[in-house]
Structures are given as structure tokens and as C-alpha cells.
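Fold and geometry: a report
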Amino acid sequence: MDFRPSRLLQEVRSFRPLVHHITNYVTVNDCANMCICAGGSPVMTDGEDVVDMVALASSTVLNIGTLNSRTVASMEMAASEASARGIPMVLDPVGAGATPYRTEVSTMLMGMSPSVIKGNAGEIGVLSGLGGEVRGVDSGGSEDIAEAVRSLAENRGCIVAASGPVDYFSDGRVVVSLSNGSDLLGKVSGTGCMLSSVVGCYVGACGPSMESVCGAITALNVAAELAEGRCSGPGSFKVALLDCMDSLSPEDLDSRARWEVL
Amino acid sequence: MDFRPSRLLQEVRSFRPLVHHITNYVTVNDCANMCICAGGSPVMTDGEDVVDMVALASSTVLNIGTLNSRTVASMEMAASEASARGIPMVLDPVGAGATPYRTEVSTMLMGMSPSVIKGNAGEIGVLSGLGGEVRGVDSGGSEDIAEAVRSLAENRGCIVAASGPVDYFSDGRVVVSLSNGSDLLGKVSGTGCMLSSVVGCYVGACGPSMESVCGAITALNVAAELAEGRCSGPGSFKVALLDCMDSLSPEDLDSRARWEVL
Amino acid sequence: MDFRPSRLLQEVRSFRPLVHHITNYVTVNDCANMCICAGGSPVMTDGEDVVDMVALASSTVLNIGTLNSRTVASMEMAASEASARGIPMVLDPVGAGATPYRTEVSTMLMGMSPSVIKGNAGEIGVLSGLGGEVRGVDSGGSEDIAEAVRSLAENRGCIVAASGPVDYFSDGRVVVSLSNGSDLLGKVSGTGCMLSSVVGCYVGACGPSMESVCGAITALNVAAELAEGRCSGPGSFKVALLDCMDSLSPEDLDSRARWEVL
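Procedures and definitions
Residue numbers run consecutively from 1 along every chain, following the written order of its sequence. Key to labels: chains lettered from A, ligands numbered from 1, both in the order written. At least 70 in pLDDT is required for a residue's local features to be given in this predicted model, at least 80 for side-chain atom pairs to be given and counted, and no such filter applies to totals for whole chains, interfaces and linings, which use all residues. Working from all heavy atoms in the structure, the side-chain values ignore hydrogens and water. Under the DSSP-based scheme used, a helix requires at least four consecutive residues in state H or I and a strand at least two consecutive residues in state E, with every element numbered from the N terminus. Just to be clear, the radius of gyration here is over C-alpha atoms, and the globule rule we use is 2.2 Å times residues to the power 0.38. Should any heavy atoms of two residues lie within 4.5 Å, those residues are counted as being in contact. Exposure was quantified through the Shrake-Rupley algorithm and a 1.4 Å probe, taking into account, for residues, occlusion by the shown protein chains and nothing else. When charges are counted, Lys and Arg contribute as positive and Asp and Glu as negative, whereas His and the chain ends are disregarded. Lys charges are placed at NZ, Arg charges at CZ, Asp charges at CG and Glu charges at CD. Each copy is superposed on the other by least squares, with the fit set by C-alpha atoms of residues at a pLDDT of at least 70 in both. Between rings of Phe, Tyr and Trp, where Trp is taken as its six-membered ring, a pair exists when centres lie within 6.5 Å; planes separated by under 30 degrees are stacked, by over 60 edge-to-face, and by other angles tilted. Think of it in three bands: with a 1.4 Å probe and only protein chains considered, a residue is buried below 20% of the maximum accessible area for its type, exposed above 50%, and partly exposed in between. pLDDT is a per-residue confidence score from the predictor, ranging from 0 to 100. When two parts are brought into contact, each loses some accessible area as probed by a 1.4 Å sphere; the total of that loss over both is the buried area. The term salt bridge refers to a side-chain nitrogen of Lys or Arg lying within 4 Å of a carboxyl oxygen of Asp or Glu. Distance and chemistry together define a polar contact, namely a pair of N or O atoms within 3.5 Å, with one atom able to donate a hydrogen and the other to accept it when in protein, and with adjacent residues in sequence counting only for side-chain atoms on both sides. Under the scheme applied here, ten amino acids are nonpolar (Ala, Val, Leu, Ile, Met, Phe, Trp, Tyr, Cys and Pro), four are charged (Asp, Glu, Lys and Arg), and all others, including Gly, are polar. When DSSP finds at least two bridges between two strands, those strands are taken to pair. Lines are fitted to the C-alpha atoms to define the axes, a helix being fitted only along its stretch in contact, and any angle between axes, read from their N-to-C directions, falls within 0 to 180 degrees. Each direction from the helix axis to a C-beta atom contributes to the arc, which is the arc of those directions.

Digging into the overall build of chain A
In terms of helices and strands, chain A carries 11 helices and 11 strands. Over its C-alpha atoms chain A spans a radius of gyration of 16 Å, differing by no more than 12% from the 18 Å that the globule rule assigns to 262 residues. By its C-alpha atoms, chain A is 40 × 40 × 35 Å across when sized along the principal axes. For chain A, the proportion of contacts with a sequence separation of at least 24, taken over those separated by at least 6, is 70%. Summing over all exposed atoms, chain A offers an accessible surface of approximately 8,200 Å²; the carbon and sulfur share of this is 47%. For chain A, the separation between the mean place of its 17 positive charges and that of its 30 negative charges on side chains is 3 Å.

Description of the relation of the copies chain B and chain A
You can overlay chain B on chain A at an RMSD of 0.0 Å; the transform is a turn of 120° with a shift of 0.0 Å along its axis. In the structure described here, the two chain copies are related by an operation that fits a three-fold rotation axis. Of every C-alpha in chain B, the one belonging to Tyr-25 of chain B sits nearest the axis of rotation, 3.6 Å from it. Mapped onto chain A, only 7% of the interface residues of chain B again fall at the interface, so the copies present different surfaces.

Structural notes on the packing of aromatic side chains
Residues and elements named next belong to chain B. Overall, the coordinates contain 3 aromatic pairs over all chains when judged by the stated rule. Centroid distance Phe-3 to Trp-259: 5.2 Å. Interplanar angle 80°. Geometry classified as edge-to-face. Here Phe-3, found in the segment before α1 (5–15), pairs with Trp-259, found in strand β11 (residues 259–261); they are 256 residues apart in sequence, far enough to count as distant. Its relative accessible area of 8% is what places Phe-3 among the buried residues. Overall, the relative accessible area of 28% leaves Trp-259 in the partly exposed class.

Comments concerning the confidence of the model for chain A
It should be kept in mind that the predicted coordinates are not to be read in detail where pLDDT is low. All names here are of chain A. Put simply, chain A has an average pLDDT of 94, and 95% of its residues get 70 or more. pLDDT under 50 marks residues 139–143. Its contacts with residues more than four places away, or in other chains, come to 12 contacts. Across the assembled chains, the prediction reports ipTM 0.95 with pTM 0.96.

Thoughts on the interface of chain B and chain A
The partner chain A presents 30 residues to the 28 residues of chain B that form the contact. Of the roughly 2,300 Å² buried between chain B and chain A, counting both surfaces, carbon and sulfur atoms make up 51%. Ionic pairing is found between Asp-246 of chain A and Lys-187 of chain B, a salt bridge with its closest N-O pair at 2.6 Å. Taken together, the links from chain B to chain A amount to 12 residue pairs in polar contact (both at pLDDT 80 or more). Breaking the side of chain B that touches chain A down by element, the ones donating at least two residues are α5 (100–110) and α10 (234–246) of chain B. For the side of chain B that touches chain A, the element with the most residues is α10 of chain B, which contributes 5 residues. Within the side of chain B that touches chain A, the residues separate by chemical class into 10 nonpolar, 12 polar and 6 charged.

Some points on the environment of Ile-36 of chain B
The topology assignment puts Ile-36 of chain B in helix α2 (residues 28–38). Residues Ile-36 of chain B and Val-19 of chain B lie 17 residues apart in sequence; the distance between their C-alpha atoms is 9.7 Å. When near neighbours in sequence (up to four residues on either side) are disregarded, Ile-36 of chain B contacts Pro-42 of chain B together with Lys-187, Val-188 and Ser-189 of chain C.

Structural notes on the sheet that holds strand β4 (residues 89–92) of chain A
Residue and element names in this part refer to chain A. Across the sheet, which stays open at both edges, the 9 strands sit in the order β2-β1-β3-β4-β5-β8-β9-β10-β11 with mixed pairing between neighbours. The sheet terminates laterally at β2 (41–44) and β11 (259–261), the two strands that pair on one side only. Strand-to-strand, the axes of this sheet are offset by a mean angle of 20°, without reference to chain direction. Pairing of strand β9 (residues 167–170) with strand β10 (residues 175–178), which is carried by 4 bridges, proceeds in the antiparallel orientation. Within β10, the position partnered with Phe-169 by the bridge is Val-176. Against the sheet, helix α2 (residues 28–38) contacts β1 (18–22) and β2, and its axis sits at roughly 150° relative to β2.

Let's talk about the pairing of strand β5 (residues 116–120) of chain A
Residue and element names in this part refer to chain A. Within β5, 5 of the 5 residues are buried, which leaves it mostly tucked inside the rest of the structure. Of the two faces of β5, the one holding Val-116, Lys-118 and Asn-120 and the one holding Ile-117 and Gly-119 are both buried throughout. Bridge analysis of β4 against β5 gives 2 bridges, and the strand direction is parallel. From the neighbouring strand, Val-90 faces β5, where its bridge partner is Val-116.

Some thoughts on helix α5 (residues 100–110) of chain A
Every α-helical turn comprises 3.6 residues, leaving residues that sit three or four positions apart pointing alike. Residue and element names in this part refer to chain A. By the burial criterion, the buried members of α5 are Tyr-101, Arg-102, Val-105, Ser-106, Leu-109 and Met-110. For α5, the buried positions fall inside an angular range of 165° around the axis, keeping them on one side. Residues of α5 that are exposed and point more than 90 degrees away from the buried face comprise Pro-100 and Glu-104.

Below is the structure:
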């Protein structure tokens, strides 16, 4: 993987992808603002005009955090339109494994040609069939997350990423680990959702590739490292995270990025 | 237009209008907090008791940011009750022009006697019939926004405002431009929605007039100028915007206001 | 009441209760983040898997801030499952008394064995039958809130708390008042909702008792006192409130707690 995160950062900022979301009502505002700070333009719609809006978008992000039958039907329409038009779709299977309904909906949407599946270690463990623990919507860890991302990516023919203290992603052949970030990401609701929005920006602007996913995760995690030095706790960390994402310099990004092909 | 923004500010703060909202789930929290900082008391309901709540309110703000058939039906009931009782209604046609559904719903609600239609330049351009570009829910500019607000206001018999780097509003005869504000308003999701909530406070406390709309826009934009000097990016700007709106002094407001009758 | 707030604080942090919520879309993000900062793990679901999620939870918080027929049906299912499993349920009857629908739904849910009913003075006044004023969803005060909490607690066989400049709560026999807090709590939307989430953490970790409710209210109010010294207005107060809740020390909590058995 030939990877320069700064090149992708500049591409996203100059392209300004329109990123459609159907996401949960808990963290949606942070997703919208993170999308802007990452260089994108967010649009959230899950009603009667969802198909028309997806058609205009550079990518669509489907996050099942607060799913119900109405929004699941909208996600299905969004996925179908995205697939028909070749618009990259990012799936965030929040809480898969916690309840049968979440696992079923995640499995259904995994069958609709996502470009990227981005969960936490527990969710990806469950969806890969290799196990894992899921408690509520937070991750409980996984025995072998590197193998889980590889295996799920191979089976589904897409890129799979698992966020955690160390992040892993794979296209089914290569597995990459990233070790940037901050413990404070785990003290703020929705940092995983925000990451999915950033992935939406990168695949929307640069296409669905290992490099795009790597660039998105690296950008958020380096911003988190910078934000950690500017805050007094989880509340001010979230504020600083947005500031640091917006002002992220290509130099900081390239010099701080710590990724490794396994 | 005989206009002293400080007089309106004090009137809103002492009246403390109850501002009912049916708004999108993306920026609703910021709307609620901005409403409080502007001097109002927000209430959000779109369910079975919407008509009862509108009846208690000083004004109602209808924002179609994340519309669906259920909430559109609620907006129709809210608009009808507001109209029957002479309660000012503020319409924010988010994304009009981006999808046919948004344009249709905006047109339907424009026919239900809004007191103020407040959009961005692109939305107002489309709704005025004079054109404009809309990309997702963000404005793409308009050839002649001054003429668009005037023409739409004349046709609909209400006040029309278009926000942007320069804001314009009109009652169909006079057009006023305002040049306060900050570029950072464009880097935060929902500053347009927050402005609609502030307009709701002003028309709720002082009645639907050109002065009320001018006072609302000026208050938010002067707060934005002050916030710009106290922040390190979009995240901290939003926090400072609320602080500065809450502590806005009559003197700052009058001395900084830059408006012009065209 | 034998009460050491620091003991409860440490119990909540080490237990890390999973707190299920069905709450309003206005303040839900702040509830999630406050829950984390208080030591819990939040999960929000109101869709098809609500019963399965409640079954996994340490407690459930039902807040009717933006109720509609769909979410009320979900609350009924959640309450029923919680009751069957002996999982503590916290009811926040937002806006009870403001509209007949809110009063009806609150009354229905009060009949489903809540462990704690937590409202503002106006809501509790109305639900106790002793009167009170409710304007929108904000409290308008009550003649005798101490008697209202006692009487409602006695009638419903649960703990009832009324938040306000002074907070009161009762199990139907004893009434306790707490005088910690900050005026800025009244300038931020949803601080009452956040308190209900904190109560959910405490009853989820320590069981539904007077001590748990006292511990929750004290923790939030002491955090508010500390946050008041670190902010420049309502926007930065909310950020600091989360920071201070997360870093709350047992010593600060015990030395600052001001409660009194009436």
C-alpha cells in the first residue's frame, strides 16, 4: 500500500464530497460537524426523498445506532440506489451482536454491496462469525481482530475496518494496523460514528480503497492526539477534536501517522 | 426602517417567548440552546400534542432539515393552528431545490401563511423562481439574491430572509442587507437553523416585522463576530457563539450593527 | 439516611452500568455523554429491539421530551420488560401538565412501576395533584414542592425527585432537600434530562434507593458548581460540566455535599 495521508487530506478538502447519512439521532450532530471539519459537506435525510438525495451524493453512510423499521427501510433504499449508481456506501453496524435485530439488519445491509464496513472490534468479531463480545453498543474486545477484519472483508468483497485502541482494516488479503489515537476517544459518545462519517468523506472524494480508509482513520486519530493536549476532559476533548480536525496540517499528519502492514 | 437592535434585544429578554419548533434531529440541540441564549424558552414537539403546544407558544419554527411524511403532517397541523391563532410562524425550507420533495413541502408550507421565510441564498433563489443553485442542504449562491428575497416576499405577503456572507431580507417593498457575521458560521452545521430559532424568539416577543428579523440576524451575527475572537476552530466557535449570544450587550450590538436599506 | 456520596460514586464507576434510554432527540447526545462521564455506558434504542436491549441493561430511563405514538409504545414495552425483570426504571415526565397528552402518557407510565420519577417542580406538582405551573417544558414553580414529592412518592410507591434551585426527593416518608448546584443549569437545555441519566447510572449500579437518588443529584450538582468556575457562559458551562463530572473526586463530593432531611 503506497500511502501518503497528506495527499488524501488535500484531495478531500479540495473535492468537498457531499456525504449523505442515515445515522442515529444520538451522535448525528457530531457526525455533521466532523464531516465538515474533515473537508466534506454533510446531508442527512431518511424520509421520502432519500433516493433523490443519495443520487446527488459522493457517498452514503448507513449507521444503525438507533434503527427502527422506518429508517431500516430507508437504509435499504439508500443502499440500493448507491449500489445502482456506483456510489460508495459505508456501513456502521452499531450494536451488531447485542440484539438479534441489529445482527439481522447488519447482515441484510452487508448483502447490499457496501464499500466499507466499519465497526468496533466486538461488532466486527460477531459479523465475521469469529466471535467477540458486544455489550450494548460498546465493544467488549475480540480474540483476533486482525483475522476478523480479513475474513469478513474476503467474504463480503469489501474493505472492513475495526476501531479500537489499535485499529485494523483489510481488503481480504492485506491487513493493516494503525496505532494513532487517544484514550479519550473512548470517553466520548459517537467517536466511532464520527469516524464512519470521515470514512464517508474519504471514499466519496478518493474512491473506496485501502488508502482512503487508512487516510480517514489516520486523520481522525492524529486529530485526537493533538486534541488530547488541548483539553481538560471528555467535554472539551470533543470540542478540541473538531478544531484539530479542521486545522490538521499535512505535515503533522505525515509525521505522526503510525501504520503497519501485518 | 427605524431600527435600534438593543431595544429589541431587551424586549426579547424580558418577554422570554416560548418558541415551539418542529426541526431536524441534526441541529435541534443547538437550536434549543441558542434559543435560550437569545432570551427565549424552546419547546420541541412533533407528536400527538403538537396543536396543543403551538396554542401555548409565542411563535412556531418549522424547519424541514430531516423531514418525513409524519413530521410534515405535524408541520401542517402546527402551521394551521398558528395561522388560526395569529401566532407567528417561521419557515426554514432547508434543502429546497435539492430534491423535488423538499421543494414541494416548502411550497405547501409557504402557502400556509408564514410570517417569515428564512433560507440560504440557494433555497430562496429556487423558491422565488429566480433560480439559484442548491447542493445538498448548503447554499451554492444566487445571481441576484436581493431581488429574490423581494420578489418572494411580495408574492407570499410575508418577510423573506436569505442568509449568507451578506444577509438580505425584504417585506416585498424594501430590501435590507446586513454585513455582520463570521466566516466560521459556514464551518458549523446548523448555524442557519439556529438563526431561524432566533428569528422565532424575536417575532414571538416583538411581532413579525422587518425590525424583528433585522434584530435577530444582527444579534446572531454580532455574537459570531465576538465568538470569532475567542475560539480556535469550528468546535470552540460554536461553544463561544452560545456564550457570546447569552452575554451580548446592548452597546456592542448597537455599535457593531452594519445594515443598509438598498 | 446514611449517606456518603463518594462511596456511591466509586460503586458506579467500578460497576459501569449499562443504561438504556428512550429519550428525546433534543438532548440525547448530552445524556449519552453525561452518562459516560458519570461512570455508565449508555445505549439508546426505541425500535424493534427495545425489549431485547432492556433485558441486557442495568436500568432504563424513559424521558417523554419529544414523545409520539411510536416512541410511547416503545416506552410501554420497555417499562413492561423492566418491571418483569426487576430492572430499575427512571421516568422523566417532561412537560407533564403542559399538554393533556403529556399528562396522560406520564400517568400511564407512572402506573408501570417506575423506581424513580424525576421531574422539575412544575411537573411533579401537576402529577402529584397538588398543582403547579408548567410552561412549555420548563418549570414554573410550585407552592409546596416538598409535600408534592412526598405525596406522589407515597401514592406511587416509588422515589420521587423534583429538580430546581433546591432539589427535593422523597420515598413517601422522608423528604430530603439538596442545595448544591449552579444557576447556569437553568441556562442549558437538557440539564434535567442529563440528571435523569445520572439517576439511571446510580440506580443501575447501586439499586433504587434514596441514597442512589441523593448520590446522583449531588454528583451532578457538585460538578455544576465546579464547572461554573471554569466557564464563560452557557455554552462553555455545558462542556465544563462534562469535564467536571468525569474528573469529580470523592473528596470534593463529600466535602461539598449539602443535603438535609426535612
